[in-house]
Amino acid sequence: MNLILSVSNLEIQKLNSLENSYRDRVFFGTKSLPDSVLIPHYEYWVSNVTRTLNTQEESSLFLFLATCHLEKKNTWSQEIIALMKITKKPFFQNEDWRNSVVDYLEYLNQGSKLGKYDIDSLKNKLQVIKLTNSSNHEWIALATDRLGRTYYDHNQYDSAIFHLEKAGEMFQANGFKLYMVNNLTMQGVLWDAKEQFGKAASKYEASIEVLETLENPPLGTLGANAYNIGLIYDDRYGNSTKGIPYYLKALDYDSKGGIGNYGIVSEDYAALSRCYIKLGDLLKAEKYARLSAEYAKQIEESNGFEYAKALLVNAEVYLAKNQVNQGISNVTEGLEIFENIEKVNKLDLRRQRTLSNNLLGKIYLKAADLSNSKLHYLQAMNLAKEIKREIYLLESYSGLIQVAIEESDWDTAGRFWKAWGEIIHAKFYDAKYHVQLHQLKGMEIRLKSGASLEDVQFLKKVDEFINNSETMTMHQLHALNLKTIYLNKLSKRDYDAVTHLGIVVERLFDYLNYQHHVQNTALQHSELKLLIKNALDLGLILKVEGKEDLNLILFNLVSFNKSLGNIPKKNNATGVAKSSQLVKREAILSERYAEVLFMIYAHEAAQNTIKAINVLSLYEEEQKLEKELFDIRSQLLQSSERDYYAQFVSPLTSISQLHNRVEAEELWIETFVYDQDIYSAFISKTDFEIKHVALSKKQVEQWRNAYKSSTKKILSGSLPSWDSVFGKDLKMYTKIIYVPDSWLALMPIESFLINEDYMIRSKKIVYDVSLLDRLRRVDQESIEKQVFWMGFAPVYESRKLKYAAEEITKIGKLTQGISFIGDKVNKDLFKTESAKSSVFHLAAHGQIASLNPGYNALIFGDDLEDYLTVNEIYDWKIESDLGVLSACSSGVINENEGAGLLSLGRAFHFAGVQSLVISLWEIPDKQSAIIMELFYQNLLKGMNSSTSLREAKIQYLEQTDDDVFKHPYYWAGLVLIGEDNELESPKSYWWFILILILPFLYLGLRKFRE
């Protein structure tokens, strides 16, 4: 380097330290120089650069400018160079090679500010450096490397590879290890762009090998290599499972870079989101997409580039959840940002526009807008050909094929399928995702064109695809759907279709158990719901044809979307948890994790109610908690702790298990809803039946509107009748156990009309969240509690519940229980005290989170920490006989995603509460208070919980004179889910019952005497 340092005005020791540090950084990859070391030098040169410098001082100045370049202190460098230009031209003595380098550095500083470099300008700068000192390998190599990167930015990949390889050879020959690792990483990026993934991987690995020899490897380069290897596995080879660990490793490195790395961190989160979309875990996909956007928004002085990319990944999540309008809005906004950046900054963003158009094509296809879908796919295809990126053509061809399938244009579909295959076999033969997707589309073309019916090998090919151990889960499920459609079309089914349906059930439950959530995210995929619908249709056809052994399969299909997957859960049957420090720590972390998740969600739902810096700290805390929880839970499972296990769900194995649990006069019903189609399983003591009813969209909307707030009498035909929805003869049954799905859960069946009257007058009805849950629920003996009843009524500054305190006070007096009313009622008090009672009652506001039921919450105050969410309750242990949640919307469902009664009610049930009274919508608190008081009066008379609620509703109807308030809106939303318990009143309450019967005893004795 020939850098000589000797300046009288600076301490010689510090200057020697700077020179040594510079050399050590370049040759050995030591730590970055801290600002505490660099600031004194910066301040010195800002004050002294305009005076005349001697030879030694000029060397020192050049060394500092080189250090600024190394440490990315571009603003310092630019300021000093600007001061030099005021009094000096040239910067150093005439024909001094350092003038060309300073001129080059000035250009780089300006380019970094604008975010772009010009190829011709860089070529000229490089040529001048070579002419002035051809032996200065460091700066020639650096300028050559920068030129190669700029060729890449302009999509001139061959020229980019040439210059990068040339620079790399110079770095290696001179031992510049720090420069070398960055250069190798960039070479990997180039080979990836040229779609030569083997070479790309080898360059990333070579970079990692050099990194491992450095004393202090740069985190940014480590992160870039980890990210790029993840990208090859995930995006290029289609192995998202293998890509995730590398993306997480990249995130770990990049997160340590502070605010300057927010753009990179945003990309890491976006990559993780795309992985989980492919794997079908939409909750994680949504979380990481959200984080990507949040970090991108925090980048100061940004032109919006990072935020536009984050918009695209969020649009992909919307697409997977079938929320097409939000998806289109996101991509359109992102595309406008890219186009504006191109126009203002003269950058080539055709790659980003290609991605955007492909995504728009995909979303419009989901929306059945075939003309717009085709338009955007064709635009993406043409852009991909312009920039010679065939990897983008894979998406374009796949989409155009699907458009052609929808239009029954089989020639076009076949032509694009062939072109798609040629690219895959030439360059992407190792890309499992793309190879399998191509095979799937080929099978779909043959199936939907009718060619498969004449192909005796079609079923064999589909079976081979399904049974291949390398087939990805989502592709396997899609192939099962194609096979189901094929079997539905056959007029003669020689194939064992019953066995096929059994395999569908098995694979669905395997997929569900892959996930770790308190909601069934499998049913967020519309394709999987379609698979269940098609499988049920096939099963019903087979039943008509007299096939045996179908009842069990049909029940498991109907029940699937009310099942939950793998949920970490404490074992209520053991007390070992008290002695386990790991379990205690897990409980604390789990509670905090749920709170942090909700605060992030609430911030976004309320549109930035928390300061940005606090939101980012919450994100960081979330990541740390998630990692620590994973580690602790792994330890617990490995050590076989009896007080901790992961609960897996499996399909029912014997239909007799159901029949044995059903009482003689009971009818158990579980439903599956696909759009306006209802599939209902009816189970009695001896019989099993599946019915399918197809309704019109207009009819369903009419019924749904009937349950909204009413100010007039019920119109004829506005409420559903039992026969129109289910059509099942109920003469033999007095009690119904009912599991509704989707929008059916917002139509309580006790308000259905039967013989021109509400069903509540003729049938006893108990709700449940899943018949599988009910069947497997361990009979739990009532645990003796300190108190029979406890009531809670928090107060609110806004949205006051006028009758809540009155409701709790009256019931407290009625039961001689303990009431908590006012400011003292908070989340912690409720969690502590309610577990001490046999019956707890909460009259509070509820939070509706329709897009993510895990954030449904009970509200105890105005701060986010005062919200008790479903996620928190699932990890809680309470073990009460009965819970009453007369909160607004405590039973609200995620109706658009078919999650069933997945709500606060189900969460409490999972926490050990045997039965619950919940509200399906916001019932006016005056009517709610009346029904609640009647309910408790009936309970204390010795009625069981379902009878008490039913009689309370009937009493309310009989006591209400105004027909308006007899509308189901005012009374039907309160329902009982879970077990139909008879509660033993405490001994101290016998006096109350005695008081009730004394008047009757007196009258009886008097009549006897007479």
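Residues numbered from 1 in each chain as written. Predicted model: local features only at pLDDT ≥ 70, side-chain atom pairs only at ≥ 80, totals over all residues. Heavy atoms only, no water.

Asker: Quick question: what am I supposed to make of the overall build of the protein chain here?
Answerer: Helix and strand counts for the protein chain come out as 39 helices and 18 strands. Relative to its 1010 residues, the protein chain shows a buried fraction of 58%. At a minimum sequence separation of 6, the contacts of the protein chain that also span at least 24 residues come to 72%. A total of about 43,300 Å² of accessible surface is found on the protein chain, and carbon and sulfur atoms cover 50% of it. (Helix = DSSP H or I, 4+ residues; strand = E, 2+ residues; numbered from the N terminus. Buried < 20%, exposed > 50% of the residue type's maximum accessible area, 1.4 Å probe, protein only. Contact = heavy atoms within 4.5 Å. Areas by Shrake-Rupley, 256 points an atom, 1.4 Å probe, with all protein chains shown as cover.)

Asker: Sorry if this is basic, but what is going on with the sheet that holds strand 14 (residues 857-859) here?
Answerer: Backbone-to-backbone hydrogen bonds pair the strands of a sheet. The strands run either parallel or antiparallel. The three strands lie next to each other as 13-14-15, forming an open sheet whose pairing is antiparallel. A single partner strand is all that each edge strand has here, and the edge strands are strand 13 (845-847) and strand 15 (867-869). The sheet shows a mean angle of 30° between the axes of neighbouring strands, taken without regard to direction. In this structure, strand 14 lies alongside strand 15, joined through three bridges in antiparallel fashion. Following the sheet pairing, Ile859 is matched in strand 15 by Tyr867. (Pairing = 2+ DSSP bridges. Axes fitted to C-alpha atoms, helices over the stretch in contact; angles between N-to-C directions.)

Asker: Sorry if this is basic, but what is going on with the environment of Tyr179 here?
Answerer: Following the sequence through the fold, Tyr179 ends up in helix 9 (residues 177-193). Its relative accessible area of 8% is what places Tyr179 among the buried residues. Dropping the residues within four chain positions of it, Tyr179 is found in contact with Tyr22, Val26, Leu70, Glu138, Leu142 and Phe171.

Asker: For this particular structure, what's the right way to read the packing of helix 18 (residues 370-386) against helix 19 (residues 390-406)?
Answerer: A pair of packed helices is captured by two measures, namely the crossing angle of their axes and the spacing between those axes. The geometry of helix 18 relative to helix 19 is characterised by a closest axis approach of 9 Å and an angle of 155° between their N-to-C directions. Considered as vectors, helix 18 and helix 19 are oriented roughly antiparallel to each other. Between helix 18 and helix 19 lies a crossing whose hand is left-handed. Along the contact surface, helix 18 presents Leu370, Ser373, Lys374, Tyr377, Leu378, Ala380, Met381, Ala384 and Lys385, while helix 19 presents Tyr392, Leu393, Glu395, Ser396, Tyr397, Gly399, Leu400, Val403 and Glu406. Here the contact of helix 18 with helix 19 is composed, by residue class, of 11 nonpolar, three polar and four charged. (Parallel < 35°, antiparallel > 145°, perpendicular 65-115°, else oblique. Left-handed = near helix turned anticlockwise from the far one by under 90°. Nonpolar A, V, L, I, M, F, W, Y, C, P; charged D, E, K, R; others polar.)

Asker: I'm lost on empty space enclosed by the protein in this one. Help?
Answerer: If a probe the size of a water molecule is rolled over the atoms, the empty space left behind becomes visible. Applying the stated criterion across every chain yields a total of three cavities of 30 Å³ or more. Empty space within the largest cavity amounts to approximately 80 Å³. Around the largest cavity, the lining residues are Glu750, Ile760, Lys763, Lys764, Ile765, Ser946, Leu949, Arg950, Lys953 and Leu976. Elements represented by at least two residues in the lining of the largest cavity include exactly strand 9 (764-767) and helix 38 (945-959). (1 Å grid on protein atoms, 1.4 Å probe; cavity = no way out; pocket = protein on both sides within 12 Å on 5 of 7 lines; lining within 4 Å. Points joined across faces, edges and corners; volume = space filled by probe spheres on them.)

Asker: Teacher, can you tell me more about the pairing of strand 18 (residues 974-978) here?
Answerer: With respect to burial, strand 18 is a largely interior element, five of its five residues being buried. Here five bridges tie strand 17 (residues 915-919) to strand 18, and the two strands are oriented antiparallel to one another. If you follow Ser919 over to strand 18, its bridge partner there is Leu974.

Asker: How should I be thinking about the packing of aromatic side chains in this particular structure?
Answerer: Each aromatic ring pair is specified by the distance between its two centres and by the angle formed by the two planes. Tallied over the full model, the rule gives 39 aromatic pairs. Seen from their ring centres, Tyr269 and Tyr295 are 5.7 Å apart, and the 35° between their planes marks the pair as tilted. Pair noted here: Tyr269 is in helix 13 (residues 262-279) and Tyr295 is in helix 14 (residues 282-297), with a separation of 26 residues, a long-range link. For the pair shown, Tyr269 and Tyr295 are each scored as buried. Between Phe726 and Phe752, the ring centres sit 6.3 Å apart and the planes meet at 25°, which makes this aromatic pair stacked. Highlighted residues: Phe726 in the loop between helix 31 (722-725) and strand 6 (735-739) and Phe752 in the loop between strand 6 and strand 7 (753-754), separated in sequence by 26 residues. You'll find Phe726 and Phe752 in the same group, each marked buried. (Phe/Tyr/Trp six-rings, centres within 6.5 Å; stacked < 30°, edge-to-face > 60°.)

Asker: When you look at the nonpolar core in this model, what are you seeing that I'm missing?
Answerer: Considering soluble globular proteins, one finds that nonpolar side chains tend to be buried as a cluster. Residues Trp722 and Phe908 are the most contacted members of the largest nonpolar core, which totals 198 residues. With 10 residues, helix 13 is the single largest residue contributor to this core. Not counting chain neighbours up to four residues away, the residues in contact with Trp722 comprise Ile669, Phe682, Gly727, Lys728, Leu730, Ile736, Ile749, Phe752, Leu753, Ile754 and Met759. Among the nonpolar cores identified, the runner-up in size contains 70 residues, and Phe64, Ala160, Leu178 and Met186 belong to it. (Core = buried A, V, L, I, M, F, W, Y, C linked by side-chain atoms within 4.5 Å.)

Asker: It is not clear to me how the packing of helix 33 (residues 804-815) against helix 37 (residues 925-940) should be interpreted in this structure. Could you clarify?
Answerer: Contact geometry for helix 33 and helix 37: axes closest at 9 Å, N-to-C directions at 10°. Here helix 37 runs roughly parallel to helix 33, going by the angle between their axes. Counted together, Ala804, Glu807, Lys810, Ile811, Leu814 and Thr815 of helix 33 and Asp925, Ser928, Ala929, Met932, Glu933, Tyr936, Gln937 and Leu940 of helix 37 form the full contact between these two elements. Counted by class, the contact of helix 33 with helix 37 contains seven nonpolar, three polar and four charged residues.

Asker: Please explain helix 25 (residues 526-544) as it appears in this structure.
Answerer: Each α-helix turn comprises 3.6 residues. Residues three or four places apart therefore point the same way. With 19 residues, helix 25 extends 27 Å from end C-alpha to end C-alpha; this agrees with the ideal 27 Å at 1.5 Å per step. A positive backbone phi angle near 85° is found at Gly546, which sits one or two residues after helix 25. (Expected span 1.5 Å × (residues − 1).)

Asker: Hey, could you run me through unusual backbone geometry in this one?
Answerer: Excluding glycine, most residues fall at negative phi; most peptide bonds, likewise, are trans. Despite not being glycine, Asn155 shows a phi value in the positive range, around 65°. With respect to the helices and strands, Asn155 occurs in the loop between helix 7 (137-153) and helix 8 (157-174). The residue Gln816 is not glycine, and still its phi comes out positive at about 55°. By relative accessible area, which is 48% here, Gln816 ends up partly exposed.

Asker: Help me understand the pattern of salt bridges, please; the structure alone is not making it clear to me.
Answerer: Side chains that differ in sign of charge can pair as their charged atoms come close. Within the structure shown, the criterion is met by 36 salt bridges. Across the pair Lys533 and Asp537 runs a salt bridge whose closest N-O atoms are separated by 2.9 Å. Here Lys533 and its partner Asp537 are both found in helix 25, four residues apart, which amounts to about one turn of the helix. Here Lys533 matches Asp537 in class, with each residue buried. Close ionic contact of Lys691 with Glu689 constitutes a salt bridge, the shortest N to O distance being 3.6 Å. Lys691 sits in the partly exposed class, given a relative accessible area of 24%. Among the residues examined, Glu689 registers a relative accessible area of 26% and is labelled partly exposed. Each of Glu58, Asp96 and Arg98 takes part in one network of salt bridges that share partners. (Salt bridge = Lys/Arg side-chain N within 4 Å of Asp/Glu carboxyl O.)

Asker: What should I look at first to understand the side chain of Asn358 in this one?
Answerer: Position of Asn358 among the secondary structure elements: in helix 17 (residues 350-366). Among the polar contacts listed, one links the side chain of Asn358 to the backbone oxygen of Tyr392, at a separation of 3.1 Å. Dropping the residues within four chain positions of it, Asn358 is found in contact with Tyr377, Ala380, Tyr392, Glu395 and Ser396. (Polar contact = N/O pair within 3.5 Å; in protein donor to acceptor, adjacent residues only side chain to side chain.)

Asker: Explanation requested: the confidence of the model for the protein chain in the structure shown.
Answerer: Predicted coordinates in regions of low pLDDT should not be interpreted in detail. Mean pLDDT for the protein chain: 82, with 84% of residues reaching 70 or above. Counting interchain partners and residues more than four positions distant, the pLDDT-below-50 stretch residues 987-1010 has nine contacts. (pLDDT = per-residue confidence, 0-100.)

Asker: Looking at this structure, I do not really get helix 18. What am I missing?
Answerer: Between its first and last C-alpha atoms helix 18 spans 24 Å; for 17 residues at 1.5 Å apiece the expected length is 24 Å, and the two agree. Those residues of helix 18 lying buried are Ser373, His376, Tyr377, Ala380, Met381, Leu383 and Ala384. What you see down the axis of helix 18 is that its buried residues fit within an arc of 165°, all on one side. One or two residues past the end of helix 18 sits Lys388, with phi positive at roughly 60°. (Arc of directions from axis to C-beta.)

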